[in-house]
Each structure stands twice: as C-alpha cells, then as structure tokens.
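Coordinates in review
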Amino acid sequence: MFPPAMAGYDRAITIFSPEGKIYQVEYAGEAVKRGWPTVGVKCRSGVVLVAEKRKISALFDPSSLEKIYLVDEHVAASPSGLLADARILIDYARDVALSHRFIYDEPIDIELLTKAVCNLKQQYTQFGGTRPFGVALLVAGVDRHGARLFQTDPSGVYIGYFATAIGADSGTISEFLEKNYKFDLGMGECVELAVKALASAVEITESGNIEVAYATVEEKKMKKMTQEEVAALVAKLPKKS
Amino acid sequence: MFPPAMAGYDRAITIFSPEGKIYQVEYAGEAVKRGWPTVGVKCRSGVVLVAEKRKISALFDPSSLEKIYLVDEHVAASPSGLLADARILIDYARDVALSHRFIYDEPIDIELLTKAVCNLKQQYTQFGGTRPFGVALLVAGVDRHGARLFQTDPSGVYIGYFATAIGADSGTISEFLEKNYKFDLGMGECVELAVKALASAVEITESGNIEVAYATVEEKKMKKMTQEEVAALVAKLPKKS
Amino acid sequence: MFPPAMAGYDRAITIFSPEGKIYQVEYAGEAVKRGWPTVGVKCRSGVVLVAEKRKISALFDPSSLEKIYLVDEHVAASPSGLLADARILIDYARDVALSHRFIYDEPIDIELLTKAVCNLKQQYTQFGGTRPFGVALLVAGVDRHGARLFQTDPSGVYIGYFATAIGADSGTISEFLEKNYKFDLGMGECVELAVKALASAVEITESGNIEVAYATVEEKKMKKMTQEEVAALVAKLPKKS
Amino acid sequence: MFPPAMAGYDRAITIFSPEGKIYQVEYAGEAVKRGWPTVGVKCRSGVVLVAEKRKISALFDPSSLEKIYLVDEHVAASPSGLLADARILIDYARDVALSHRFIYDEPIDIELLTKAVCNLKQQYTQFGGTRPFGVALLVAGVDRHGARLFQTDPSGVYIGYFATAIGADSGTISEFLEKNYKFDLGMGECVELAVKALASAVEITESGNIEVAYATVEEKKMKKMTQEEVAALVAKLPKKS
Amino acid sequence: MFPPAMAGYDRAITIFSPEGKIYQVEYAGEAVKRGWPTVGVKCRSGVVLVAEKRKISALFDPSSLEKIYLVDEHVAASPSGLLADARILIDYARDVALSHRFIYDEPIDIELLTKAVCNLKQQYTQFGGTRPFGVALLVAGVDRHGARLFQTDPSGVYIGYFATAIGADSGTISEFLEKNYKFDLGMGECVELAVKALASAVEITESGNIEVAYATVEEKKMKKMTQEEVAALVAKLPKKS
Amino acid sequence: MFPPAMAGYDRAITIFSPEGKIYQVEYAGEAVKRGWPTVGVKCRSGVVLVAEKRKISALFDPSSLEKIYLVDEHVAASPSGLLADARILIDYARDVALSHRFIYDEPIDIELLTKAVCNLKQQYTQFGGTRPFGVALLVAGVDRHGARLFQTDPSGVYIGYFATAIGADSGTISEFLEKNYKFDLGMGECVELAVKALASAVEITESGNIEVAYATVEEKKMKKMTQEEVAALVAKLPKKS
Amino acid sequence: MFPPAMAGYDRAITIFSPEGKIYQVEYAGEAVKRGWPTVGVKCRSGVVLVAEKRKISALFDPSSLEKIYLVDEHVAASPSGLLADARILIDYARDVALSHRFIYDEPIDIELLTKAVCNLKQQYTQFGGTRPFGVALLVAGVDRHGARLFQTDPSGVYIGYFATAIGADSGTISEFLEKNYKFDLGMGECVELAVKALASAVEITESGNIEVAYATVEEKKMKKMTQEEVAALVAKLPKKS
C-alpha cells in the first residue's frame, strides 16, 4: 500500500519529503479526518458551533465529555482529532486568554488567541523529538471586531471562514453549507443552519448527541445550550423520511 | 504477521502512521488488554470498583498486592496493564490529591484529578525519548458532584461511564453490564451487579481472588472491603452450574 | 522516481549529499514552489508587492488571511510556501524592526532586517533536530538608501532584485518581467506592471483575489491598498480575450 | 531463530512491540534466568534467604563475593542476574534505608523499601538512553508488620510471596516449595525447607557454596550464618543417593 | 554512481570512513567547487582579491550582493560555496577583528583572524548534530608582517599562498597563475595579473561582473574598487579573439 | 561470519540481546582478551602482581610505559585491554584513594576502592551515548583485612581470587596456577609462583619484559621491583629447554 | 571492498566491534597514515624532531605553514594527520603548559603534558556525538628527567621511544632508525640521523621542504632551525645517486 521509496520519509520526525511536504503533519491530518465532526457558522447576528458527540457505548455518560469548550466568556473552541491532544491545546488557550484579561483587563481578540495556539502547533512541526498535535480546532466567538470563526489545522495554519466544518464527513457538510449559507441571518436561523448542516452527514437524535454553543454580536457572550434546549432544537428539525 | 511495509512506523517513538494513528499508543493498549480486569459501576446511591486479583502462584501472598488503590479519602483507582507503570501513576495521583487538600483544604474534584493524571499520560505520547504508560485506570469516587466513574487509556483520553470494564475480557463484561445495568440501585445492589459482571468472564472464588471498594453518595468515603466481607459477598452469589 | 542509493541522504537532517547539496533545503524549496505567487517590482519612484490570495473555498473569509504583512511603517514582506512557517518569520521580523526603532530611534535598514531573518533561516539549515523553514519571502520597502526589494530562500540566502517573483509560476512571471521591466516608472505604472506580471500566470478577478502594497521614495510609507482600490485597479486591466 | 519482522522492535530502547510487550524488559529477564538461584521462605516464626554461590574457579575467593546483602539491620536482599547492576541497586536500597532511619528514627517498612527500589527500576524501562536493570531481587526481613518477603523483576513490579525462588532453575525450586511449604514452621524448620528447596535443583556441598540469612519475628534482626554454621546445616541434610 | 557499500558512511555526521576521510567534509568541499571563483594574489607591493559575481537573472540588482567583504580596515575575505554559510563566517570574522581592536587597540594579525575562523570551522567537523560549513574563504590584507593571503577550506585547514583561487574552475585559474606569477610586481601589475587569471576561466564583461579589492604594503588599507574603476580596468584587458 | 539476524543488536549502545546479554560489554571483553597478560597471586605472606610488557619495537623506551600502576602506598593495579581507557580508570582510582586518605586519614580498604572503580565501569554499560571501558584490572594490595586480590571486568563486576590472570593466554596461566597454587607461601615463593605462571604462556627475557610489584602482610607497602631486581629474579628461573 | 557484514559497526560512533576494536579509532589511524611524516630521535645529548613539509603547489607560501610547533620553551610537538585537528590539540597543549608555568612557576614535565593531551583524545573515543581526533603527535623536549620523546595516537595511548616516526612511510623510516640508531650521539649527529632517516623515505630538497627542531640536555630549550640552517644541513647530506 505504501511504495518502499516513500517509506523512509515519515520515520524521522518533521522533515521534508522530496515534494516539499512534511509527512508527519499530513498524517496528523488523517487523525483529524477520523474525528467526530464540528460545524461553525458566522452570520450578521453572531456565530455558532455545533458538534457531534457520539454515544461511545450504551453506558457512556455523555455529561462527562465535552466537544465544545468555553475558552473565555466570549470565545469557545471545538476540536476534531485526538481528544487528549485537544485537551492540552484548550488548556493552553484558556491560559492565554486568562493572562490577557489579567494584563490588559479586556477580552482577548479571537484572532490573537487563535494565533497563539497555532504558533504552539507550528513549533511541534519544526523541532525534532516530538510529534505534531493530531487535532484541528474551530475557534468561534465575538470580540470588538464582531463575530469571528477560525479553523486551525495540525500544521499551525489558521484561516477565517463564514461557515466551515472539520472532522469526519466535513466534505459533505461543507457542500451543504456552500449551497445554503447566507450572511443575513438571525441568531436562531444561524443555529438552525449549522444543525441542519451537521444533520446532512450525521443522524441527530433527540436524546442529545450534539452540543451547541453560540454568541450574539450584541451580547458578546458564548453560551452552551442545555440538553433540554438542544432537545427542543432537534425536535423542530424536519424529519428525514 | 506484520507486513514489512508497516514495520518501520513503530520504531521511532510516538510518531504518526499514514492513517493518523500513533502505533506506540495502540501497542500500549495491547498491554492493557492483557491485564487483569476491573469493573466499575456507578448508580444513584454510589459507585463501586471490583477487580480481579489472580493467584499468580500457590505461594503468592495476596495481601501484598493491591488491585484497587485508595488515592484519597473519597476516591480510588484500579489499573489494568503494566503494574509498575500503574504504581507510578497512582503515586502521581496521590500527590495531586494531597496537594489539592493542602492548598484548598477540600477534597479534589474527581474529574480534575483524572485530568491531571491524563495530562501526564498525554505528554508521554507526544515527546520522544520515552514510551507511553502501558496502563488504563478506572477512577471512581464521590465528590460534590455526586458519584463519579472515569476510564482512562494510554493515550491520555478519559471518559465518564455509568458502568464499564478494562483489561482482559472487558468486552464480555461490558456486554453483561449493558444488559443488566440500572441507575436506580441501592449500594448493595450496585456492588452485587459489579461482582456479577466480573463473574460473567472470570471465575470468582470464595478465597478472595477479587477486591471490592465502594463509596456511597451520603458518606463520600471510599471503603475497601475486608477479605471477610468479600468472602461473604461471594458466598451469596448464585453458583454457576 | 528516486533511486534507492540516494534515498538515504535526506533522512538525516541538514547533511550534505555527495554533490555538496543539502537535500532538506532543496525539498523545502519545493514547498515554496507550491505556494501562491507574489511579485515584487522596484523602480525610480518606489516599490510594490502584489500577491495572489486564492479563494480556498466559497465560504472562506478573505479578510482573515493576509498574503502581504506590514513589518514596520516602511517595509512589508510577502511569503510563498508554508503559511505557518511564514507567520513565525514575519513575527520575528517585526520584533527585529521594533527593537531597532526602540534602540536607535530610526527605521531599520531593509537589508539589515532581511539579513536578520536570513541568519535565523541559515541556522535551521545547519543544526540537527529541526528542519529548514519551508518559505521564501519578498521583502520590500523604502529606507534611506531608496527603494529596496529582496528575495530570500529557505537556505538563508537573500539577493536584491529590480523585479522578481516567488511561488507557483514564478518562472512565467519572471519572464514577463524581464520583457517588460523599465526602471523609469512612476508609482502607478510600477504597480500596474506588477499586477500585469502576476496576471500573466494567474487569473485576477475583480472580487479581489490579490493584495497590493506599495511605497513611494518620497513618502517612505508602505501602504496596503483597500479592497476597493484593488478592485478599481483590476477593473482597469485589459481583459484577456 | 528470530524472524526478521521482529528484529526491529528491540533496537530502540524501551518501546512497545505490537503485542504490548517491552522487549528490552523481557530480554533483561533472560539475564535474570541465567543468574545463580536464590530461595526465600517466610513462615510464622520468621523469614529466610538461601542463595547459591558458585565456585567460579578453583582459586576463586568465596569470601570476597556476597550473594546475600544486608541492607539494614532488619532487612536483606539477594539478587539474580547481572552482578554489577545488582550492586548498584543494593547501594541504592541501603541509601534509602539509611535516610529513613536518619529522618524518622525507625527501621524502614520493607514494602516501602522495595517500592523505592522498584520505582527506580521502572524509570529505566520507560525513558530512552538507558537499558533496564538486568537483575531480580528477593527482599526479605521483619518489620512492624511481621515477616516480609518480596520478589522484584526488571520491569519494576514487586509481589509478595510466602516462598519463592529467582534465577536459574527457579521453576524446579518453586515446584518443590509448592509441594512442601507450610506456614506453621519454627525458624529452624523454615531454614531447612529453604535449603532443601535449593538442593532440589542445585548440588549443595559442605564446603559452603551457599549463603543463608534469616530473621525471627521476635528479634527483627537479619543474621547471615557464618561459614561454619552453614557447613553444620549442610551436614544435617539427607544425602542424595 | 555510489556503490551501496559506501552509502552508509555519510549519513551519520562527521565520522571517519575506513580510509580515514570525513565524508561530510569532502561533500562540503563539493559545495565549494560549485561556487563562483575568487582569485587572490600577493606580491611585493601588496595583495589583491578578484571575485566573479554572476548575473543571476536579467533583473538581479548586483549592488545588493557582495562577493568580497571588508572584515576590518586592513583585511577582506571572499567566499566560494554556500552564500548563507559564508555570511555567518564573515560576521564571525568581523566580531573577532572588532574585539581585537577594542581590547588591544591595534589591527588584528591576519593569520590570527584566519585561525579563529578556522577553529570555528573545525568544531563543525568534529561534533555531531551539525554539518560542516560548506564554504571556502580567501582572506587577504596587509598587517605588520606585510601582505598576507590565506585560503581556508571546510575542514578548518588554512594555508598561505602567493597566489591561489577557490571555487569553480579554480584548477584552470591556478594553472594560469603558476605560469605567470612573479613576486616583484607593482600594485597595478598585481591587480592586472589577478584579473587576467580570472579571465582565463571566466568571461569578464565591462558591465561589471567582477569585484576587486586590494591593499598596498604602504597604506595597509583594503580598498574595494568602484564599479567605474572596475569597468576601466576591464576595458584595458586584451580582448579574447 | 556474523549472521545478519544478529547484526542489529550491537549497534545501539548497551542494550540487551534476546538472550539477556549486553553485546557491547561482551565485545569490550574481546579487547581485554587481546591485551598483554597480568598475573596476580595472594598468599599467607602477601600479594604479588606480575605483568608482561612487550617490546613494541626495537627503539621503544620501556621505562616510559607502565603495566603496573601504584594507586596508593598499599595498593597497585594492572590492566589488560585498551591502554588509554586503563589510564583513565587508574587516575580515577588514585583520586578515590587520595580523597579517602584526605577525609579519613587512613588507607582506603582495597575492596572499597575496587568497588568505586567498578561502579564507574557499570555506569558506562547502562547509559547510552558512551561505550564500556575496554579494560580489565587486577587490583592488589594489603589493608587491615590482610592481602587482597580482585579482578574486575568491563561489565563492572569484581571478584576476589587467591590467584588469577587477565589478558591474552589467561586460560593457560590460570591452569598453571590451579595446578601449583598453595596458600602457605613466603613472599619470595609467592613472587616466584607468579613469574612462573606468566612464563607458562609468555617467554620472559632477562632484559626485563615484565613488571613485578608485591606487598607483604607485615609492611603493607606495595613495592615495584627495579629492573635489576627483575633481571635477578628472571635469571633464577629454570631455563626452558 | 568492505564486506556488508562489517558495514554496520562503524556508523554508530565509538562502539566496539565483535573483535573488541573501536573502528572509528582505527579509521582515524588511517588519516594519520596519510599525513606527512615526522621523525623524532632522542640521544644522550638531546632530542630532535624532523618533519616533512610538502610543497602543496608551486605558489604555496611555506612560511605560512608549520609542521613543528613550539608548545613551551622546552617542548615541541609535530603532528601527522588532519591539520585542523592538530591545531586544536596544539593549542590545548599550549594552554596546559602555560597554566602549569603560571601555577607552579616551572616548566611542565613532558610526560604530564603528553598525558593531558592524550586524556583529551581518549574522551573523544568514548563518548557519542563526536569523532576521535584524526591525528598522531610526536612530543619532544627536555625536562628535569632529561630528553623525552613520546608518540601519541588517535586512541589516546602514548608511548616513549628512543627514535620513531609517524605519518606516511613511517614503516620505512622506522626500519632505517632501527638499523642506524645509537644512544651515544652528539646533538649534531643526532640531528643528522633524524634527517637521514626521513631522507630514506622522502626526497629532501635544499629549498627547504623540511622543518627541524632540537633541544640539548644542557640548555633545555627547544629551537627551530631557520630556513638557512636547514639548507646548510641538507647541503651536507650525501647525495643519492
């Protein structure tokens, strides 16, 4: 499956292949593609994250596992990929945001926060003796520039989107978003769009296999919906037939 | 058994394979699967751990070997996998719990404790020059949020469960739990369920080849049963025929 | 594609091949060749950078991604290659420029700035345990010596040009420049030449898939054009037919 | 003898094989199996260690070589495996025991001592740049919990036994012990059982090719028999015919 | 082209081959042989360096690239090989010369300066984790001992010459020098000899594809010719026919 | 000569082979076996070392090379193997002995001295990035316990002997010793036995190709014989015919 | 030329081969054998070093290159092998000699000096991450013990000689010395013997392709002959016919 000539390039950590690729980073990308998907949508009224949380087993306690993490009052992040790696990055992001508040007495700009996390990621792609982080993040929130939505990848690149998805089936979800996205949406419509986009690839159940967090431009507060709110939201979805 | 093309990926420590997996972590998981099983069950009234302790030899002194370790007054942990690795993690957990009591004068939240242990585990999967810990842990106890039960794996992920098992035959035991689990159980019923679940895969003898520890939501104290209590408990089990 | 006898030379980081080449540096050059192109032109009246910014997806937010970075008031830089690596180098350049202002109370000479960045790049080609930066930069601006335009590559070499291009299709663009370049150009003509040069290899749309920054010898200020200015500029281009 | 596909796993130090084993630890175990055997027996009245000390050559000075080391007044240890490694561990154990006396003014608990030694062993199995200790130890003594007997292996695991053996022919000796062991023995009977057990696999001569050390529960002092005492003991053994 | 049996010796950095050679140093020498040539000539009246500076492209700005660097008032150096490596060595030489002036208040002896640079080079051939500098230097100037001319190579060896050349075609140029060199030359004749020697292998154009620097024994100042002076010098050369 | 399957185990420094051996230590033992032999004999009256010192060439200055080194007044050591390694160990032993005298104001016990040297040796067999010492030592002297004679090997093991030999032909010499050794010897007889033992494998010439050092139990001083004393001794030997 | 089975042993630095050899040291010895030869002779009246200095090219400046280095007033050293390595060792020797004078106010003993240099050499044969020094040295001089002559090799061994040679053709030269050496020589005869010995393998020209340095037992000063003295000496040699 892997031709022998290629076999050597991925053993030594973070070196270039003859085509100028860093295979360890590409392979870390595979870990992301196998993660549970998260959708992010930003519109005139705010920004929303919707993440799938699969039922790992019948006796799994969903309340013990987060797929959307509040990083600070005004910003949240949702990972796809290796969960243990994600936890490290989320903790790092929280430290950065907290330090910023402590030093400057203001919420951190979301791009600055995203850049700090991505600079950490980049270092793990350049130095030997370690591996890249096997995780992508959607970072979403509202700051003085308005609603923000960034997607980061294992290489340390981050890019802003109006609407995007990471993880398994992100291709299908992105196609749905491209067909249905409008910027002029109220917060409720925006949430609905994100949920429908996720539903285009994943079966959403009323018992709550998704997490939803949103922030409006007015309030600038990221809020995670309760399980009841999510259930109500899912109940309103048109049934697939 | 292992095709030559794959052989290269697991030599260098903690790097990604082309599919985005970290083989050293997967192989550490094999060490877990060969460990003696532990069952954990949490219910309305409390939480229980039941662990098998095999008779290594006829002259082995069972009192010298623990499979369930009290970490703090309100929390215990039981490993499957490499026992020497487990000891290191348990000692680390005890340090973390003790420091928390010392600094904040309160018992540590069990999720916070589990996360600290798992952050250590994650680091051993990302940096070169070391190997992952070859051990999974069930962490169980009662804190201000009620009964808690977490399962950790060598990658540093932890997930909450109502009932779960690690180690050899954990698949069989989990199936038993899925069929028989109810949340509304008294402490006695809960213990009995856990023991029966273990008995579904392992022959339990009256001479005490298991350890049992439990905590009730009221008391918030993790208690290890004496050998006599265990013997009495086992005696009440329906005999297999 | 690569004969087996050669296969060994690129695994160990930053060593010489029998022909005296450092393969890791050559491969990093491949990452540059796959980057989006940037054009730089310097003339009597000033200097200009024009960079392509591709529409990654329909819902990508172009305002979130820069291809031309202001480093200081009088100097800008535009990378081709790995974006995460570029960000690190740009931040480094900004630090160097800011320190110079702080210590000497004057804008940094652009060659001195370029040299500082390239010395960092060189170190990453000589020491083990790391990989070269997979990025080339065009550094342009106006200082007390007049308009300056430097091209850097992953090996840490920098060379001054009257007009040059980096990234994908840089060969085609350079040919266009060699045919059409004159030193005696006004600022407007200079910008136009750079845009046309890029257009010789890349389709430029009015919706703004390029960034433009320029500085005149008189003002010594690097200015990024707004999206409206760019649109007006593109509208004036002769249509391809 | 070793299939090529397996050959790679043991070169890089302390990594997991696909079956979840750490080959370097397993191979260190081979060094133990080739060591001279030691027997340990604990009973109601105390604990005893009996170790073979082979006559390396006709002119070897047996008084210069110990197989049983007093670690502290109340505890001794006997290794099988690489003698130079053993010496390092014994010195470490003596340091630990001495520090404990110095700080707490009491003899160290034997399990605590054993754990300290095994934690050191475990570290040498997890970090790169070193190899595991190629030695097993029997640690025996009497503390406030009574007679204690622990067996440690190169992985850093320790387990308590009523009677056990390490080194060459430990299988044969263990079988003998399983057939003949009783807990209710006086100190003399206990010593005799241990010597007979060793004699089941090794020819014991009156000239003193064994060392014997024992401690009674009353005295809590580990005593090494003199060569004369050993000779007398051996003389009483039934002759093999 | 390289027999497989030899392939292994050049991977590990700076080790000996069975013939007592250090391949990495030899390969670094190949990088030197592919560099643009520099000629150095010393005579009774002074010393001169003449270096080729190729026109990399039609729009390359020759004023931005030096091939001869003034190190201190009385000494200059010209490299062949990797330009980024050369820059590091030149900066190092400048530091050494400046420190010497600062501490001793006199110009540094040119051999002492050359030795300092070569000691740095030697270290990069002996220690792992780095590669040799891929650059040779001609160091020329006038100090209290008179005119000096040294050639250094990647191994850290330096040797004095009356006339020599490094880089591409250095063999051809050296042959020319051996046929035509005389010690009793005035400064003008000395410069002319060096230019002609370079011209024996490289086509020199009036537009200035060479750099020239010289110092007389009387003045002890190294001077770089202006482009006009170079053009006048080249104009006087006999035309090849 | 070496089957390919084995070839891998000796490259990585100080790891175990599947049979539990440390090949680097075994190979260091080969360096010992190729060294010039040394004989040591201890008896009731004292201890003696006799070492061969080969005439490397006709113009070699034998007075410049020692094969027996005085470590302290009461103890000497003689190496076989790599001479440069031996020098390092002898210097280390002298430091240890001197420090002991300085701190405790008494001669160091010879076993303690030997153990210190062997602990150093052991470390070089366990940690990566270095190789074992390729040298064995005979350490001989008289301390408060009487005459002492220890043999150390590259693994760091030391063992006491009544009489032993290291280096080339040590097997032949040991056989001679086993046949002829008696404990009840005067100092003169003891020296004679050691010289004859060496002569059993090596041709001893009157011109002094051996070194002899001895200490009596009464005096406790290690003395090296002068060349004249050695010549007289050799002259008394029965001639081989 | 090199059988594949051997190929692996020389890659990892400074490890033992199965025969107990350290290949890197042996290969460094090859670098020595390819160096220009040096002869050393010591006699009743003093000691002399004679070294060949080849004319590298017609325009090479012989005054710029030393083959015999004065280390201190009373001692000189001459290397064969890698010249850059030699320079490092000579500088180290000068530091050691100077420190000794500074601390003890007396010239350093020549054996002590030689040992210091060789201890440095030994370290480079035992630790990873570096290679041995590829150079042998003859160290000659006069101290309070009289005339001294030591030969060192890359392994760190040093041995005293009455007369010896290192570098290319050292075998031929040594044969000449063995046939013609006498201890009872005046200084002039001693120098003549050394020159003739070198001439037995190398053509010596009157233009000075050798260096000569000598010290008499009375004066205890090492003196390098001027080019004129050397020319006179060579003129007196019998011509080869």
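Each remark here, short or long, concerns the structure printed above.
Rules and cut-offs
Residues numbered from 1 in each chain as written. Chains lettered and ligands numbered in written order. Predicted model: local features only at pLDDT ≥ 70, side-chain atom pairs only at ≥ 80, totals over all residues. Heavy atoms only, no water. Buried < 20%, exposed > 50% of the residue type's maximum accessible area, 1.4 Å probe, protein only. Helix = DSSP H or I, 4+ residues; strand = E, 2+ residues; numbered from the N terminus. Pairing = 2+ DSSP bridges. Contact = heavy atoms within 4.5 Å. Phe/Tyr/Trp six-rings, centres within 6.5 Å; stacked < 30°, edge-to-face > 60°. Buried area = accessible area lost by both parts, 1.4 Å probe. Salt bridge = Lys/Arg side-chain N within 4 Å of Asp/Glu carboxyl O. Polar contact = N/O pair within 3.5 Å; in protein donor to acceptor, adjacent residues only side chain to side chain. Nonpolar A, V, L, I, M, F, W, Y, C, P; charged D, E, K, R; others polar. Axes fitted to C-alpha atoms, helices over the stretch in contact; angles between N-to-C directions.

Residue and element names in this part refer to chain E. Summarising burial for strand β1 (residues 38–43): six of the six residues are buried, a large majority. What you see with β1 is no split at all: Thr38, Gly40 and Lys42 on one side and Val39, Val41 and Cys43 on the other are buried throughout. Examined bridge by bridge, β1 and strand β2 (residues 46–52) share six bridges and lie antiparallel to one another. Opposite Val39, over in β2, you have Val50 as the bridge partner. Between the antiparallel neighbours β1 and β2 lie two residues. Where β1 meets strand β8 (residues 163–166), four bridges bridge the pair, whose relative direction is antiparallel. In the sheet register, Thr38 faces β8, and the bridge partner there is Ile166.

Right, let's talk about the arrangement of the chains for a bit. Spatially, chain A is disjoint from chain D: no contact exists, and the shortest C-alpha separation is 12 Å. Structurally, chain D and chain G remain out of contact, their C-alpha atoms never closer than 12 Å.

Counted by the stated rule, this structure contains 42 aromatic pairs over all chains. Relative to Tyr27(B), the ring of Tyr23(B) lies with its centre 5.6 Å away and its plane at 20 degrees, an arrangement referred to as stacked. Placement of the pair is Tyr23(B) and Tyr27(B) together in helix α2 (residues 23–33), with a separation of four residues, close to one helical turn. Tyr27(B) shares its class with Tyr23(B); the two are buried. For the pair Phe150(D) and Tyr158(D), a centre-to-centre distance of 5.7 Å together with 85 degrees between the ring planes defines the contact as edge-to-face. Neither Phe150(D) nor Tyr158(D) differs from the other in exposure class; each is buried.

With that settled, the discussion passes to the interface of chain C and chain A. Each partner contributes residues to the interface: chain C has 34 residues there, and chain A has 35 residues. Counting the surface lost from both chain C and chain A, the interface buries some 3,000 Å², and carbon and sulfur atoms represent 59% of this. For the pair chain C and chain A, the interface holds two salt bridges. Here Asp61(C) ties to Lys42(A) by a salt bridge, and the two come within 2.8 Å at their closest N and O atoms. Viewed at the interface, chain A and chain C are joined by 14 residue pairs in polar contact (both at pLDDT 80 or more). Sorting the residues of the side of chain C that touches chain A by element identifies α2 (23–33) and α3 (83–104) of chain C as the ones contributing at least two each. Here the side of chain C that touches chain A is built from residues that sort into 18 nonpolar, six polar and ten charged.

Right, let's talk about the sheet that holds strand β10 (residues 223–224) of chain F for a bit. All names here are of chain F. In space, the five strands of this open sheet follow the order β8-β1-β2-β9-β10, with antiparallel pairing throughout. Each edge of the open sheet carries a strand with a single partner, namely β8 (163–166) and β10. Contacts between helix α6 (residues 187–199) and the sheet are confined to β1 (38–43), β2 (46–52) and β9 (210–216), with β2 contributing the most and set at about 25 degrees to the helix.

Our focus in this paragraph is the side chain of Lys115(E). Among the structural elements, Lys115(E) can be located in helix α4 (residues 110–126). Excluding residues that lie within four positions of it along the chain, Lys115(E) makes contacts with Tyr158(E), Arg87(G), Asp91(G) and Arg94(G).

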